Amino acid sequence: MRSLLRLYLTITLTAVGAFLFIPEVSWAQPVLQVGVGYTAASVMVLGIRRNRVCFPLPWYLFAGGLFTHSTGILVEAVLTRTLNNQASPSLADAFWIALYPMLFVGMALIIRRRSASRDWAALVDASTITTGLGLLCWVFLIHPAVLSSADTMVGRAVVITYPVADVVVLAMLVRLLIRPGSHPRSWSFTFMVSSVTAFLVGDVGWAIIYQLGLDSGYIWDHVLDMTLLIAYVLFGAAALHPSVRDVGEETQTTAVARVSPWLLGLLTTASLIAPCLLLVEVYNDPRGHQ
């Protein structure tokens, strides 16, 4: 299985590297993106079966999410390149958004299985970090979309859905990472977390470009698309690695939870986001707060 994993990574990462040199107008670009996505989804199903995962439902959900998200790229290519339909939102957004419910449920099931009992401390820590980062999303991404007059109501709803869904995914990701007493961080777990992180980075990057009305240019377009492709590849690798059997296993532990320096730093940063935003607002409009 490990030799198959190495072969898969070699082929897919080579394809991701080649993507940087494909012209944007070429049909090879969406074909390669969809090919990598479908390959990752297929490999996930293969890995689930070959590794005999005892609780496969989350991984099937992840594979379904990759398939629908990749299909969204194909739909967008047909709409824009063949039908010359540049309208936004489009049918492609429905396929892209379909990824999120599958991520939500899959990650929630893994969190549930990995938690032998309710861990209120971890829940509070995750809520603190997510609330702080969610506030940034509200100020810079969600609120501007709500006030936008350039889009239709449906358009604003679609634009808002992406950052809101990203905040939910972020909350679950943080909850997974700060779970004390969980299994050692296996390669499969690391691949999965890295894949979700790559999805979030790519989504936030596109959202910032959209909200600021920037022309990202050829290089940045390709970099953001490659970030998505890497997310596909890593999810496939997570299911192919033999340690996938341990990711959703329940853990019983009596170890005392300790606050690590990185977690303490995250909690401190998240707690300071709100007052820092208030200071920025006062600095920019002092008369409104007199």
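As a reminder, the structure under discussion sits directly above these lines.
All residue numbers refer to positions counted from 1 along the written sequence of the respective chain. Given that the model is predicted, a residue must reach a pLDDT of at least 70 before its local features are reported, and side-chain atom pairs must reach 80 or more before they are shown or counted; all residues, however, enter totals for whole chains, interfaces and linings. Each side-chain value is derived from all of the structure's non-hydrogen atoms; neither hydrogens nor water enter the calculation.

J.: Looking at this model, I keep getting lost on the overall build of the protein chain. Mind explaining?
T.: Helix and strand definitions here come from DSSP, where helices need a minimum of 4 consecutive H or I residues and strands a minimum of 2 consecutive E residues; each element is numbered from the N-terminal end. When helices and strands are tallied, the protein chain shows eleven helices and zero strands. The order of α-helices and β-strands along the protein chain, N terminus first, is α-α-α-α-α-α-α-α-α-α-α. Whether a residue is buried, partly exposed or exposed follows from its accessible area with a 1.4 Å probe, protein chains only, as a fraction of its type maximum: under 20%, in between, or over 50%, in that order. For the protein chain, with 290 residues in total, the buried portion stands at 43%. The contact criterion used throughout is that any non-hydrogen atoms of two residues lie within 4.5 Å. For the protein chain, the share of sequence-separated contacts (at least 6 apart) that also reach a separation of at least 24 residues comes to 81%. All accessibility values rest on the Shrake-Rupley procedure with a 1.4 Å probe; residue burial counts only the protein chains present in the view. Counting every atom, the protein chain has about 15,300 Å² of accessible surface; 68% of that belongs to carbon and sulfur.

J.: Any chance you could explain the side chain of serine 70 here in plain terms?
T.: Here serine 70 shows up in helix 3 (residues 57-82). Among all residues touching serine 70, those that are not within four sequence positions of it are Val34, Gly37, Tyr38 and Tyr232.

J.: I keep staring at helix 1 (residues 2-19) and nothing clicks. Help me out?
T.: Along an α-helix, residues three or four apart share an orientation, since each turn contains 3.6 residues. In a regular helix each residue adds 1.5 Å, so 18 residues correspond to 26 Å; helix 1 covers 26 Å between its end C-alpha atoms and thus fits that length. Within the span of helix 1, buried status applies to Leu5, Tyr8, Thr12, Val16 and Phe19. Summarising the axial view, the buried residues of helix 1 lie within an arc of 65°, below the 170-degree limit, and thus occupy one face. Facing away from the buried side of helix 1 by more than 90 degrees, the exposed set consists of Arg6, Ile11 and Thr14. An expected span of 1.5 Å times one less than the residue number is assigned to each helix. Note that the arc is computed from the directions linking the helix axis to the C-beta atoms.

J.: Please explain the environment of serine 90 as it appears in this structure.
T.: For serine 90, the location among the structural elements is in the loop between helix 3 and helix 4 (91-97). In the structure, serine 90 is positioned 68 residues away from valine 158 in sequence and 9.6 Å away in space, judged by C-alpha atoms.

J.: Where do I start with the packing of aromatic side chains in this structure?
T.: In this description, a pair of aromatic rings is defined by centroid distance and the angle of the planes. Two aromatic rings, drawn from Phe, Tyr or Trp (for Trp, its six-membered ring), form a pair once their centres lie within 6.5 Å of each other, and the interplanar angle then sorts them: stacked below 30 degrees, edge-to-face above 60, tilted otherwise. If you walk through the whole model with that rule in mind, you get seven aromatic pairs. With a centroid separation of 6.3 Å and an interplanar angle of 70°, the aromatic rings of tyrosine 100 and tyrosine 162 are classed as edge-to-face. Of the two residues, tyrosine 100 is situated in helix 5 (residues 99-114) and tyrosine 162 in helix 7 (residues 153-177); the sequence distance between them amounts to 62 residues. Both residues of the pair, tyrosine 100 and tyrosine 162, belong to the buried class. Considering the side-chain rings of phenylalanine 199 and tyrosine 232, the 6.0 Å spacing of their centres and the 65° angle between planes classify their relative orientation as edge-to-face. Note that phenylalanine 199 is positioned in helix 8 (residues 187-212) and tyrosine 232 in helix 9 (residues 217-240), a separation of 33 residues in sequence. Residue phenylalanine 199 is classed as buried on the basis of its relative accessible area of 6%.

J.: Help me understand the packing of helix 3 against helix 5, please; the structure alone is not making it clear to me.
T.: Describing two packed helices takes the angle between their axes plus the distance from one axis to the other. Convention adopted: a line fitted to C-alpha atoms gives each axis, helices being fitted over their contacting stretch, and angles between N-to-C directions are expressed from 0 to 180 degrees. At their nearest, the axes of helix 3 and helix 5 sit 8 Å apart, and the two run at 165° to each other. Considering their axes alone, helix 3 and helix 5 lie roughly antiparallel with respect to each other. Crossing of helix 3 over helix 5 shows left-handed handedness. Contact residues: helix 3 offers Leu57, Pro58, Leu61, Phe62, Gly64, Gly65, Leu66, Thr68 and His69, while helix 5 offers Leu99, Met102, Leu103, Val105, Gly106, Met107, Leu109 and Ile110. Here the contact of helix 3 with helix 5 is built from residues that sort into twelve nonpolar, five polar and no charged. What sets the label is the angle itself: under 35 degrees gives roughly parallel, over 145 gives roughly antiparallel, 65 to 115 gives roughly perpendicular, and the rest give oblique. Crossings are classed by handedness, with left-handed meaning an anticlockwise turn of the near helix from the far one by less than a right angle and right-handed meaning a clockwise turn. Each residue receives one of three labels: charged for Asp, Glu, Lys and Arg, nonpolar for Ala, Val, Leu, Ile, Met, Phe, Trp, Tyr, Cys and Pro, and polar for the others, Gly being one of them.

J.: Sorry, what's going on with the packing of helix 2 (residues 28-50) against helix 3 here?
T.: Between helix 2 and helix 3, whose axes approach to 9 Å, the crossing angle comes to 165°. With respect to each other, helix 2 and helix 3 are oriented roughly antiparallel. Two packed elements cross with a definite hand, and for helix 2 against helix 3 that hand is left-handed. Residues Gln29, Pro30, Gln33, Val34, Gly37, Tyr38, Ala40, Ala41, Met44, Val45, Ile48 and Arg49 of helix 2 pack against Trp59, Tyr60, Phe62, Ala63, Leu66, Phe67, Ser70, Thr71, Ile73, Leu74, Ala77 and Arg81 of helix 3.

J.: What should I look at first to understand the environment of arginine 2 in this one?
T.: Summarising the element assignment, arginine 2 is placed in helix 1. As for arginine 2 and histidine 241, which are separated by 239 residues in sequence, their C-alpha atoms are 6.7 Å apart. Leaving out residues up to four positions away in the same chain, arginine 2 has contacts with His241 and Pro242.

J.: Even after reading the chapter, I still don't get the side chain of aspartate 166, so can you show me in this structure?
T.: Of note, aspartate 166 is situated in helix 7. Relative accessible area serves as the criterion here: at 7%, aspartate 166 is assigned to the buried category. Sequence-distant contacts of aspartate 166, defined by excluding residues within four places in its chain, comprise Tyr100, Leu200, Asp203 and Val204.

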